[in-house]
Amino acid sequence: MTLMNNLQLNVSRFKVALPVLVILCISVTSLVFSIFESKLNQDSHHWGLMYSMAVDILGGLRPYLQSLNPYGILASPINILGLKIFGNHIVSLGIIYGILYSTSFIIIYFLLLKFLDKWLSVFSVLLIFLIHGHIIAPWPNYAYYAFLLLSLLLFTYSKKPFILFLSGLLMACSVLARSTSFIAALPPVFIYFLILYIGGKKFVARKDIIFFTTGLVLPLFVFLFYLISTSSFQSWSFQTFQLFSVRFFSIELKSQDTSFVKYPIFFFVLIKNIVRGLIFGDLRMKLYSFAFFNNLVITWVVLARLKKGKFGSEDSSLLLFCLISSFGYLTALHDYQIFRVQSSAALGIGVLIYSLNQLSGLASTRRTRVLAFIIPCSFLVASLSSNFQFVPQSSYFEPWNLNSILSGTLREPQNVEILEGKLFEEERANYYEEISHSLDEYSNQLKFVVNLTENSFIPFISSEYKRVQVAPFFALSTAESFRESEKARYEPILKNGQAILFGYEGYKFEQFYSGNTPGSTTEIPENYKVVKSIENPGGNGKLVVAVPKN
């Protein structure tokens, strides 16, 4: 009898633990895939930029005033943490962001338990995973959402003053990880406070708002004090809202003369993107577009319940998550892409499953109710699974090449520390080795490197050189933006022949170091000569290496 009781007890415990075990499996799988992505991804521009944000701070440069940090002040410490824990390699950045993103699946599960049962929460997380299963770059969007979700978890599960303060602190961290996300994170929270405070103090008290807001405001004031005390406010504002986010607060429409006209209308851009995704997007785009409108419907239903006095704790969570998810789409104003929406509005998928479950419950018989829920859910899982990887879809810019992976020909470049663990085709691996050899050849003669390409890896392939430019890559708009601040450095360096230059053959070297008008080009400086041309597997012509003539 005792043995039977123990067996039943163990079975009971296993049933209780099974949903959490499934979620842990999803989380670990996401992390493993993120590590694979870190090894296989060919994007040198964005990954190198995030690497530079770490090494610049480690090198003693001040954020914004002396270095490029266009996304969020907390992105640099996160990047540094990755390099310190996992090694001074590009892959390390992917691992640390993979950990943050994979943790998000676990947090989402516990948040969805506020209005879904365990297995519906598991199913929702599975869908979210199938929509976008791993990181595509070490992008601060993933850190932003991890902090935001953790903030919501603390807020919804406890009203103790310290927990509310910590929740606000984590909300501030989400904004500091991705500065432009403030329009997606802060308004919905305070709208939620306002609605519930006006509707009744049962679910949110004044002291709750005060403790949360104190935790939120303190880190933001500390950051503001840093900007003012170091005279970095203008640089922060420029890098955050202008340099790479020119279209963040605008929509571009072609007129009859093919010129571009900008209309700074937030919600027009938002609705345009969502409707376009609903009509022309693939299943992933359609799901998120449909989830947005579902958020609006559920918000209206919940508000109606509040007005009638039938508002419960489940409704409180639904209202908060719908607001957070709806505003989350604002992070994708400038580029409506799955990874941006997923890392700001994934809770909306759980709300969508809630709606489907409620609608299926209206069926007249149990069998009909089950079929009304199972059939569409089975279709979603089958469809999303069929193109999860290896084929083009909206979630990944560069799907993995199965033939290359299975061929066994991928390898990492030799003697290039930052690219340890990266896997490239033979010609691309040779490309980076040639760059490394060129840098080694002149390391005893030259001290600086000028990179006139979009490849952000080049300045860091050798640790013997210092970077002249603020940005690790070259783009004409970026060069023009930093012309005055860089002028005092690069003019004597080039005049005295102290730098090695990299650029593309046939495109001419952009005249970033002269006083010419934007868009002008010139050949390399007169006191320089081209000493090597390297076949570039990424196109753009051959990569040429130039050094001083004498």
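Residues numbered from 1 in each chain as written. Predicted model: local features only at pLDDT ≥ 70, side-chain atom pairs only at ≥ 80, totals over all residues. Heavy atoms only, no water.

Trainee: Would you explain the overall build of the protein in this entry?
Mentor: Within the protein one finds 20 helices and nine strands. Burial analysis of the protein (550 residues in total) assigns 52% to the buried set. In the protein, of all internal contacts separated by at least 6 residues, the share reaching a separation of at least 24 is 65%. Surface exposure of the protein reaches about 24900 Å², of which carbon and sulfur atoms provide 63%. (Helix = DSSP H or I, 4+ residues; strand = E, 2+ residues; numbered from the N terminus. Buried < 20%, exposed > 50% of the residue type's maximum accessible area, 1.4 Å probe, protein only. Contact = heavy atoms within 4.5 Å. Areas by Shrake-Rupley, 256 points an atom, 1.4 Å probe, with all protein chains shown as cover.)

Trainee: Whenever I open this one, a nonpolar patch on the surface confuses me. Can you help?
Mentor: Together, Ile271, Val275, Leu278, Ile279, Phe280, Phe290, Phe293 and Leu296 line one region of the surface with nonpolar side chains, adding up to about 730 Å² of accessible area. Looking at the nonpolar patch, the elements with two or more residues in it are α11 (266-280) and α12 (283-308). Examining the composition of the nonpolar patch, we find that five residues originate from one element, α11, more than from any other. Taking the relative accessible area as the measure of exposure, Ile279 reaches 53% and is therefore exposed. (Patch = residues over 30% accessible without salt bridge, like charges linked within 9 Å, V, L, I, M, F, W, Y side chains within 5 Å. Salt bridge = Lys/Arg side-chain N within 4 Å of Asp/Glu carboxyl O.)

Trainee: What is the right way to read the nonpolar core from this model?
Mentor: Within soluble globular proteins, side chains that are nonpolar generally end up buried alongside one another. Counting 144 residues, the largest nonpolar core has Tyr97, Tyr288, Tyr329, Ile435 and Ile500 as the members making the most contacts within it. Ranked by size, the runner-up nonpolar core spans 13 residues in total, among them Val468, Phe474, Leu494 and Ile524. (Core = buried A, V, L, I, M, F, W, Y, C linked by side-chain atoms within 4.5 Å.)

Trainee: For this particular structure, what's the right way to read unusual backbone geometry?
Mentor: For residues other than glycine, phi is negative in most cases, and the peptide bonds are mostly trans. Notably, Ser231 is not glycine yet its phi reads approximately 55 degrees, a positive angle. One non-glycine residue, Asn415, lies in the positive phi region at around 60 degrees.

Trainee: Explain the sheet that holds strand β3 (residues 448-451) here, please?
Mentor: Two pairing modes exist for strands in a sheet, parallel and antiparallel, and in both the strands are linked by backbone hydrogen bonds. Read across the open sheet, the five strands follow the order β4-β3-β5-β9-β8; overall the sheet is mixed. If you trace the sheet from one side to the other, it starts and ends with β4 (466-467) and β8 (528-534), each paired once. Note that β3 and β4 share two bridges and pair parallel. Note that in β4 the partner of Phe448 across the bridge is Lys466. Relative to β8, helix α18 (residues 426-441) is tilted by about 150 degrees, and along the sheet it contacts β5 (499-504), β8 and β9 (543-548). (Pairing = 2+ DSSP bridges. Axes fitted to C-alpha atoms, helices over the stretch in contact; angles between N-to-C directions.)

Trainee: How should the side chain of Asp43 be read in this particular structure?
Mentor: Note that Asp43 resides in the loop between α1 (2-40) and α2 (44-58). No salt bridge forms around the buried Asp43; measuring N to O, its nearest opposite-charge neighbour Lys422 is 8.5 Å away. Among the polar contacts made by the side chain of Asp43, one reaches the main-chain amide nitrogen of His45 at a distance of 3.0 Å. Non-local contacts of Asp43, meaning those with residues more than four positions away in its chain, are made with Glu398 and Phe457. (Lys, Arg positive; Asp, Glu negative; His and termini not counted. Polar contact = N/O pair within 3.5 Å; in protein donor to acceptor, adjacent residues only side chain to side chain.)

Trainee: What is the right way to read the confidence of the model for the protein from this model?
Mentor: Detailed reading of the predicted coordinates is not advisable wherever pLDDT falls low. Averaged over every residue, the pLDDT of the protein is 87; residues scoring 70 or more account for 88%. Contacts of residues 246-263 to residues separated by more than four positions or lying in other chains number 35 contacts, the stretch itself having pLDDT below 50. The low-confidence segment residues 510-522 (pLDDT under 50) makes 36 contacts with residues lying over four places distant or belonging to another chain. (pLDDT = per-residue confidence, 0-100.)

Trainee: Is there a simple way to think about the pairing of β5 in this case?
Mentor: Two faces belong to every sheet, and in a regular strand the side chains alternate between them. β5 sits mainly inside the fold: six of its six residues count as buried. Both faces of β5 are covered, namely the face carrying Ala499, Leu501 and Gly503 and the face carrying Ile500, Phe502 and Tyr504. Here β3 pairs with β5 via four bridges, running parallel. Residue pairing in the sheet places Val450 in a bridge with Leu501 of β5. As paired strands, β5 and β9 are joined by four bridges and run antiparallel to one another. In the sheet register, Gly503 faces β9, and the bridge partner there is Val544.

Trainee: Can you walk me through the environment of Gln239 in this structure?
Mentor: Looking at the secondary structure, you find Gln239 in helix α10 (residues 233-243). With 175 residues separating them in the primary sequence, Gln239 and Tyr64 have C-alpha atoms 7.4 Å apart. At a separation of 2.7 Å, a polar atom in the side chain of Gln239 contacts the main-chain amide nitrogen of Asn69.

Trainee: How should the packing of helix α7 (residues 161-177) against helix α8 (residues 182-199) be read in this particular structure?
Mentor: Relative orientation and spacing of two packed helices are given, respectively, by the angle between their axes and the distance between those axes. Between α7 and α8, the shortest axis-to-axis distance is 9 Å and the interhelical angle comes to 155 degrees. One way to sum up the angle between α7 and α8 is to call them roughly antiparallel. Residue-level contacts link Met171, Ser174 and Val175 of α7 to Phe182, Ala185, Leu186 and Val189 of α8. A class-by-class count of the residues in the contact of α7 with α8 yields six nonpolar, one polar and no charged. (Parallel < 35°, antiparallel > 145°, perpendicular 65-115°, else oblique. Nonpolar A, V, L, I, M, F, W, Y, C, P; charged D, E, K, R; others polar.)

Trainee: Please clarify how the packing of aromatic side chains should be interpreted in this entry.
Mentor: Given two aromatic rings, their pairing is described by the distance between the two centres and the angle made by the two planes. All told, the structure shown has 35 aromatic pairs when counted by the stated rule. Taking the centre distance of 6.2 Å and the plane angle of 75 degrees together, the rings of Phe155 and Tyr192 count as edge-to-face. In this pair, Phe155 is assigned in helix α6 (residues 140-157) and Tyr192 in helix α8, connecting sequence segments 37 residues apart. Residue classification places Phe155 among the buried positions, given a relative accessible area of 4%. By relative accessible area, which is 3% here, Tyr192 ends up buried. Measuring from centroid to centroid gives 6.0 Å for Tyr192 and Phe193, while their planes differ by 50 degrees, and the two rings are tilted. What makes Phe193 buried here is its relative accessible area of 3%. Among the aromatic residues, those joined into a cluster by ring pairs are Phe33, Phe36, Tyr101, Phe105, Phe129, Tyr142, Phe339, Phe388, Phe390, Tyr396 and Trp400. (Phe/Tyr/Trp six-rings, centres within 6.5 Å; stacked < 30°, edge-to-face > 60°.)

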